[in-house]
Amino acid sequence: MLTYNQKDFIAQAIDGVLMQETNFPVTLVIGEDYSTDGTREICMDYEKKFPDKIKLILNEKNLGLGANYVKTLSACGHKYVAICDGDDYWTDPLKLQKQVDFLENNPGFDIVFTNNENLYPSGKIDIRDTNKIPEVSSFVDIVHGNYVASVTVIFRNQPLPESMKEWIKGLPFGDWPTYLWILKDGGKVKFINEVTAVYRKDFGTSAKLRESRFKMGEINLYILRNLKADLHFQNRKKELRKSMVNYKKGLMASYNIENRHLSSFLIFADLFFKMSKKNLLKAYLYSLKRGFKNA
């Protein structure tokens, strides 16, 4: 659990973990990133009340999301790891038991996630649309886009290599590259279509990233470039290259729509010999037209 300045939400997040009913031990590892709003004190109170269940990491300065993610994940020592950020919360007391039971009985699977509700700042709640999410997927699916909601996930604990830790530290999230690391050797992903958690949508860092059409694309492309250069992913270069082409195409369009035409054209030039010229030109001109309309 990562948290920073979430005093209005953190207790609900912690309670959702403490209510879990399991036949195995559960340790809640909280990475408290030097909050200044009272979040830190709430976490310390919980640790005092539940010292056998909570392991609190108190950062001596604000590290940022990526570095806090790497540090907190490295402190998780059990067989499986689940994620619940400090502004989200679990609603099903059997969430962990169901997921661990599946992984114990299905050694070919390394990740399990479920459906969730979305909670908006207005108070509106809806259930995530999962019509396009496959029940079973793998690296070749996840590499083209992350549809695994972190608040619902559990995965086999496979510590990140130092090579990945270094660049993940600078990211605003670390879950997607972690999933790709876990799946790189052929493991599968199971989706259970049951609501077990609530994701606060349009809060915090994720909301800020969505304010820009191209920022998330730049971050995802950065992740793919680093994975492609990593020796651990040598057997996945083909899928990584294909995904990079798709992300570049999307980024090219986003740049044009936001009238960053030089950046868009540079990607167009880069993609010219890597994909169908007809499809590339069509996408480029369409996004250029949308950009002029939005100007």
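These notes cover the structure that comes with them. The shown structure was predicted, so the numbers you read here are calculated from the model rather than taken from an experiment.

Reading the values: the criteria
Residues numbered from 1 in each chain as written. Predicted model: local features only at pLDDT ≥ 70, side-chain atom pairs only at ≥ 80, totals over all residues. Heavy atoms only, no water. Phe/Tyr/Trp six-rings, centres within 6.5 Å; stacked < 30°, edge-to-face > 60°. Helix = DSSP H or I, 4+ residues; strand = E, 2+ residues; numbered from the N terminus. Lys NZ or Arg CZ within 6 Å of the ring centre and 35° of its normal. Buried < 20%, exposed > 50% of the residue type's maximum accessible area, 1.4 Å probe, protein only. Polar contact = N/O pair within 3.5 Å; in protein donor to acceptor, adjacent residues only side chain to side chain. Contact = heavy atoms within 4.5 Å. Pairing = 2+ DSSP bridges. Axes fitted to C-alpha atoms, helices over the stretch in contact; angles between N-to-C directions.

Further remarks concern the packing of aromatic side chains. In this structure the tally under the stated criterion is 14 aromatic pairs. Plain terms: the ring middles of Phe265 and Phe268 are 6.0 Å apart, the flat faces sit at 25° to each other, and that makes the pair stacked. Of the two residues, Phe265 and Phe268 are both situated in helix α11 (residues 261-271); the distance of 3 residues between them amounts to about one turn of the helix. The structure contains a cluster of three or more aromatic residues connected by ring pairs, namely Phe265, Phe268, Phe272, Phe273 and Tyr284. One cation-aromatic arrangement involves Lys95 over Trp90; the distance from NZ or CZ to the ring centre is 4.4 Å. The ring of Trp181 has Lys184 sitting right over it, with the charged end atom 3.9 Å from the ring centre.

What follows is about the side chain of Arg40. For Arg40, the location among the structural elements is in helix α2 (residues 39-49). Judged by its relative accessible area of 14%, Arg40 falls in the buried class. Within the local environment of Arg40, its side chain forms a polar contact with the side chain of Glu32, the two groups lying 2.7 Å apart. Polar side-chain contacts of Arg40 include one of 3.0 Å to the backbone oxygen of Asn59. For Arg40, the contacting residues outside a window of four places in its chain are Glu32, Tyr34, Ser35, Leu58 and Asn59.

Picture the strands of a sheet paired through backbone hydrogen bonds; they go either parallel or antiparallel. With respect to topology, 3 strands assemble into an open sheet ordered β1-β2-β3, the strand pairing being parallel. Strand pairing shows two members of the sheet lacking a second neighbour, β1 (2-3) and β3 (54-58), which therefore form its edges. Along the sheet, helix α1 (residues 10-18) makes contact with β1, β2 (28-32) and β3, crossing β2 at roughly 160°. Contacting β1, β2 and β3, α2 runs over the sheet at an angle of about 150° to β3.

We now examine the side chain of Ser150. In this fold, Ser150 is placed in the loop between α5 (139-142) and β9 (154-156). By relative accessible area, which is 18% here, Ser150 ends up buried. If sequence neighbours within four positions are ignored, Ser150 has contacts with Ile83, Asp85, Asp175 and Tyr179.

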